[in-house]
Structure formats: structure tokens, C-alpha cells
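Chain by chain, the residues run as shown.
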Amino acid sequence: MTAFTVVVLTGLLLFLAITADLGQALAAKVQALGEAQDAARAGAQALDLGALRSSGTVRLRPDAAAQDARAYLAKVGAVGSVTVGTDTVSVAVTRTVPTHLLTLVGISSLTVHAGTTARAEQSTP
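Now for a quick tour of the structure.

Conventions used here
Residues numbered from 1 in each chain as written. Predicted model: local features only at pLDDT ≥ 70, side-chain atom pairs only at ≥ 80, totals over all residues. Heavy atoms only, no water. Helix = DSSP H or I, 4+ residues; strand = E, 2+ residues; numbered from the N terminus. Rg over C-alpha atoms; globule rule 2.2 N^0.38 Å. Buried < 20%, exposed > 50% of the residue type's maximum accessible area, 1.4 Å probe, protein only. Contact = heavy atoms within 4.5 Å. Areas by Shrake-Rupley, 256 points an atom, 1.4 Å probe, with all protein chains shown as cover. Lys, Arg positive; Asp, Glu negative; His and termini not counted. Charge placed at Lys NZ, Arg CZ, Asp CG, Glu CD. Salt bridge = Lys/Arg side-chain N within 4 Å of Asp/Glu carboxyl O.

Describing the overall build of the protein
Line of reasoning, step 1. Within the protein, the secondary structure is distributed over three helices and three strands.
Line of reasoning, step 2. Order of helices (α) and strands (β) in the protein, N terminus to C terminus: α-α-α-β-β-β.
Line of reasoning, step 3. Radius of gyration (C-alpha) of the protein: 22 Å, far over the 14 Å computed for a compact globule of 125 residues.
Line of reasoning, step 4. If one aligns the C-alpha atoms of the protein with their principal axes, the spans along those axes are about 85 × 25 × 20 Å.
Line of reasoning, step 5. In the protein, which comprises 125 residues, the proportion classed as buried is 29%.
Line of reasoning, step 6. Nonlocal contacts in the protein, meaning residues at least 24 apart in sequence, comprise 57% of its contacts between residues at least 6 apart.
Line of reasoning, step 7. Per element, the accessible surface of the protein, about 7,900 Å² overall, is 61% carbon and sulfur.
Line of reasoning, step 8. Within the protein, the 8 negative side-chain charges are centred at a point lying 2 Å from the centre of the 9 positive side-chain charges.

Digging into the pattern of salt bridges
For side chains bearing opposite charge, pairing can occur when the charged atoms are close.
Line of reasoning, step 1. The tally for this structure, following the rule as stated, stands at four salt bridges.
Line of reasoning, step 2. The salt bridge involving Asp38 is made with Arg41; its shortest N-O contact spans 2.4 Å. Within this pair, Asp38 and its partner Arg41 are both found in helix α1 (residues 2–43), separated by three residues, close to a single helical turn.
Line of reasoning, step 3. Given a relative accessible area of 29%, Asp38 falls into the partly exposed group.

Here's the deal with the environment of Gln37
Line of reasoning, step 1. Within the fold, Gln37 resides in helix α1.
Line of reasoning, step 2. With a relative accessible area of 30%, Gln37 lands in the partly exposed category.
Line of reasoning, step 3. Distance from Gln37 to Ala69, taken between C-alpha atoms, is 9.7 Å for residues 32 residues apart in sequence.

Here it is, written out as C-alpha cells:
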């Protein structure tokens, strides 16, 4: 009976550890996605107004867009990469989440990634 209890309690503790730590990782992924979305939107606002006014072409100023997106990431303390296209800004954010109960089985942290792309568009009246 004692051996059975130890095995069942060990399995239950492992299940609890996985549930709690993976829940934290999921929350971190949602937060990373929000940060990536906000950074991409910040970068997508760096429009080339000269091109927009002269020909109606929507395009970004690449250096300014990348700088704005990186500035947002730095402001919120996120680590990520920024890629700027003609009218898009793509941002990928990486977060490392320390585990609490999974350290018992040798997993001290989990890494989550989230990425998104924002497109600059001309609004219609």
C-alpha cells in the first residue's frame, strides 16, 4: 500500500508541476504575442509621407520603422527581432520563463516564442 501511495503521489505531483509551469509558459506566450503586436504596429506607423502624398503609395521608412519597433520592445523590456519590408513590419519576441515545480525533474526554464506582422495600409474615407 505504501509503495502504491508513493507512486500515485509522485505522478500527481508531476502532473501538477506540468500544469502549473505550462500554464505560466502559456501566459508568457500570450504576453510575448501582445508585445510583438504592439511593436509591429508602432513600426508600421513610420510611413513615407512623401510617397503617400505624391503618388498615394503606402510604404514605410525602413530605418524609422525598425527603430520604432525596437524602441517599443526596449520600453517593455522584451527581447526580439524586427524585420521591415516595403509596407510590413514583422516582430518576433522570445521569453524565457523560470519553472518552479519542473525543476524537480531537471527543467529549470521554458522558452516561448511569438511573432506577428503589421501591414501599413491607406485608410478609406
